[in-house]
Amino acid sequence: MRTDIGGQAVIEGVMMKSKHYYSVAVRKLDKTIAIDTQKSSSLLNKHAIFRSPIIRGMIVFAESLIIGTKTLTYSADIFGADDLEEESKFEVWLRTKFGKKGEKFLMGMTLAFSFALSIIIFMLLPMWLSQLFRQWIPSSFVLNLIEGAIRITIFLIYMKSVANMKDIKRTFEYHGAEHKTINCLEQEKELTVENVRGCTRLHKSCGTSFLFIVMIVSILVFSVFSTNNIWLRTAIRIIMVPIISGISYELIRWARKNPENKLANFVSKPGMWLQREFTTLEPDDSQIEVAIAAVQAVLKREDKVVSN
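Residues numbered from 1 in each chain as written. Predicted model: local features only at pLDDT ≥ 70, side-chain atom pairs only at ≥ 80, totals over all residues. Heavy atoms only, no water.

**Description of the overall build of the chain**
Along the backbone of the chain there are eleven helices and four strands. The long-range share in the chain, meaning contacts at least 24 apart out of those at least 6 apart in sequence, stands at 66%. Counting every atom, the chain has about 17,300 Å² of accessible surface; 63% of that belongs to carbon and sulfur. (Helix = DSSP H or I, 4+ residues; strand = E, 2+ residues; numbered from the N terminus. Contact = heavy atoms within 4.5 Å. Areas by Shrake-Rupley, 256 points an atom, 1.4 Å probe, with all protein chains shown as cover.)

Here is the structure:
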């Protein structure tokens, strides 16, 4: 039975997620691999309405943010990144007073802050900057196009900046290992380092492709809601983020399921280019081993679900 697998790179490791489980494999400082496998419950399995087009994309987006934050925190703990800096008094107080609940609260605050900052930088800031052209360009439609161009420019500058950081390069190498391993699995090849190494590091369902599609879809969606009121424009940008993510998910899903379709390949090209130029790098064999360990751990649990 073929199992759909997705994943992401974490600190010195890879997370792989299937329908019922997710596993995180991290290369520790002593060079051994730590693996943690957890049950994954999704709203998609609760009711048919949650699997409806657009809605399922909104749910996948939200759940990906939550699991991504959890797995990044786990990888930081395992690799020892937390030992490099002393805990703040607030963190110590939360851990002492509330234990695991305090950790969950801190994780929730981190997720909320990161999400809010992303909305401000990539959704609101381009809109605010586009308003500088209003005295020369009265057309809301043209301003939306300018806003979209500014959004894409900010995104590309951001990607170029982080791609030059040493630690981020390591993460992008693990990102490449994740894609290579998934591609090897989807080609039904044996999961060996040699087979994985021979697969491409690009994948149509990558989160990078998703983010770029979000940029394009936002231009189209915001063009429908044209208004000169700056506060209303700001509110629309915030409210429409989940819907835009849902539409973008459907486009990515369609492109992945129609690999021979010329339009699907055209839709996928910008995201594939971003992966090739910025967000994935060729991994070494030790990083491939980590990705294989993560996917094997999650497949082992899925096999038990099927056998039961």
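This is not the end of the story, as more comes after the structure.
**Some details on the environment of arginine 237**
With respect to the secondary-structure elements, arginine 237 resides in helix α8 (residues 230-239). Of the residues examined, arginine 237 reaches a relative accessible area of 0% and is grouped as buried. Those residues in contact with arginine 237 that sit more than four places away from it in its chain are Met123, Leu124, Met127, Asn144, Glu147, Phe222 and Phe225. At 2.6 Å, the side chain of arginine 237 forms a polar contact with the side chain of glutamate 147. (Buried < 20%, exposed > 50% of the residue type's maximum accessible area, 1.4 Å probe, protein only. Polar contact = N/O pair within 3.5 Å; in protein donor to acceptor, adjacent residues only side chain to side chain.)

**Digging into the side chain of threonine 69**
Residue position: threonine 69 is located in helix α1 (residues 55-79). Here the side chain of threonine 69 touches leucine 65 through a polar contact of 2.9 Å, landing on its backbone oxygen.

**Structural notes on the pattern of salt bridges**
Across all of its chains, the model carries ten salt bridges by this definition. Among the salt bridges present, the one from arginine 170 reaches glutamate 12, with a minimum N-O distance of 2.9 Å. Within this pair, whereas arginine 170 is found in helix α5 (residues 166-186), its partner glutamate 12 is found in the loop between β1 (6-10) and β2 (13-17), the two being separated by 158 residues in sequence. Between glutamate 173 and arginine 170 there is a salt bridge, with the nearest N and O atoms lying 3.7 Å from each other. On the criterion of helical spacing, the pair formed by glutamate 173 and arginine 170 is a turn pair, its members being three residues apart in helix α5. Residue classification places arginine 170 among the partly exposed residues on the basis of a relative accessible area of 29%. In the salt-bridge network here, residues are joined through shared partners; they are Glu147, Arg151, Arg233 and Arg237. (Salt bridge = Lys/Arg side-chain N within 4 Å of Asp/Glu carboxyl O.)

**A closer look at the packing of aromatic side chains**
Within the structure shown, the criterion is met by four aromatic pairs. On the basis of an interplanar angle of 35° and a centroid distance of 5.9 Å, the ring pair of phenylalanine 61 and phenylalanine 210 is categorised as tilted. With phenylalanine 61 in helix α1 and phenylalanine 210 in helix α7 (residues 207-224), this pair connects stretches of sequence that are 149 residues apart. For phenylalanine 61, a relative accessible area of 22% puts it in the partly exposed group. Among the residues examined, phenylalanine 210 registers a relative accessible area of 13% and is labelled buried. Taking the centre distance of 5.7 Å and the plane angle of 75° together, the rings of phenylalanine 122 and tyrosine 158 count as edge-to-face. With phenylalanine 122 in helix α3 (residues 100-130) and tyrosine 158 in helix α4 (residues 140-163), this residue pair connects regions lying 36 residues apart in the sequence. For phenylalanine 122, a relative accessible area of 15% translates into the label buried. The exposure class of tyrosine 158 is partly exposed, given its relative accessible area of 42%. Three or more aromatic residues link up through ring pairs in this structure, and these residues are Phe122, Phe155 and Tyr158. Directly above the ring of tyrosine 21 sits lysine 39, whose terminal nitrogen or CZ lies 5.1 Å from the centroid. (Phe/Tyr/Trp six-rings, centres within 6.5 Å; stacked < 30°, edge-to-face > 60°. Lys NZ or Arg CZ within 6 Å of the ring centre and 35° of its normal.)

**Topic: the side chain of serine 23**
Looking at the secondary structure, you find serine 23 in strand β3 (residues 21-27). The class of serine 23 is buried, set by a relative accessible area of 0%. When neighbours within four sequence positions are excluded, serine 23 is seen to be in contact with Val14, Met15, Met16, Asp36, Thr37, Ala294, Ala297 and Val298.

**Section: the confidence of the model for the chain**
Residues with a pLDDT of 70 or more make up 87% of the chain, whose mean pLDDT is 84. Here helix α2 (residues 89-98) stands out as the least confident element of the chain, with mean pLDDT 57; helix α6 (residues 193-197) is the most confident, with 96. (pLDDT = per-residue confidence, 0-100.)

**What to know about the packing of α4 against α7**
The geometry of a pair of packed helices is captured by two quantities: the angle between their axes and the separation between those axes. Following both chains from N to C, one finds α4 and α7 inclined at 165°, their axes separated by 9 Å at the closest point. Here α7 runs roughly antiparallel to α4, going by the angle between their axes. By crossing handedness, the relation of α4 to α7 is classed as right-handed. Counting all contacts with α4, which are made through Phe141, Asn144, Leu145, Glu147, Gly148, Arg151, Ile152 and Phe155, the residues of α7 involved are Leu211, Phe212, Met215, Ile216, Ser218, Ile219, Phe222 and Ser223. Looking at the contact of α4 with α7 residue by residue, the classes come out as ten nonpolar, four polar and two charged. (Axes fitted to C-alpha atoms, helices over the stretch in contact; angles between N-to-C directions. Parallel < 35°, antiparallel > 145°, perpendicular 65-115°, else oblique. Left-handed = near helix turned anticlockwise from the far one by under 90°. Nonpolar A, V, L, I, M, F, W, Y, C, P; charged D, E, K, R; others polar.)

**Some words on the pairing of β3**
Burial runs high along β3: seven of the seven residues are buried. Along β3, one buried face is formed by Tyr21, Ser23, Ala25 and Arg27 and the opposite face, lined by Tyr22, Val24 and Val26, is buried too. Sheet topology places β2 next to β3; five bridges connect them, and they run antiparallel. In the strand pairing of β3, methionine 16 is matched with serine 23. In sequence, β2 turns back onto β3 through a hairpin of three residues. Hairpin connection of β3 to strand β4 (residues 33-39): five residues between the antiparallel strands, including lysine 31 at a positive phi of 80°. (Pairing = 2+ DSSP bridges.)

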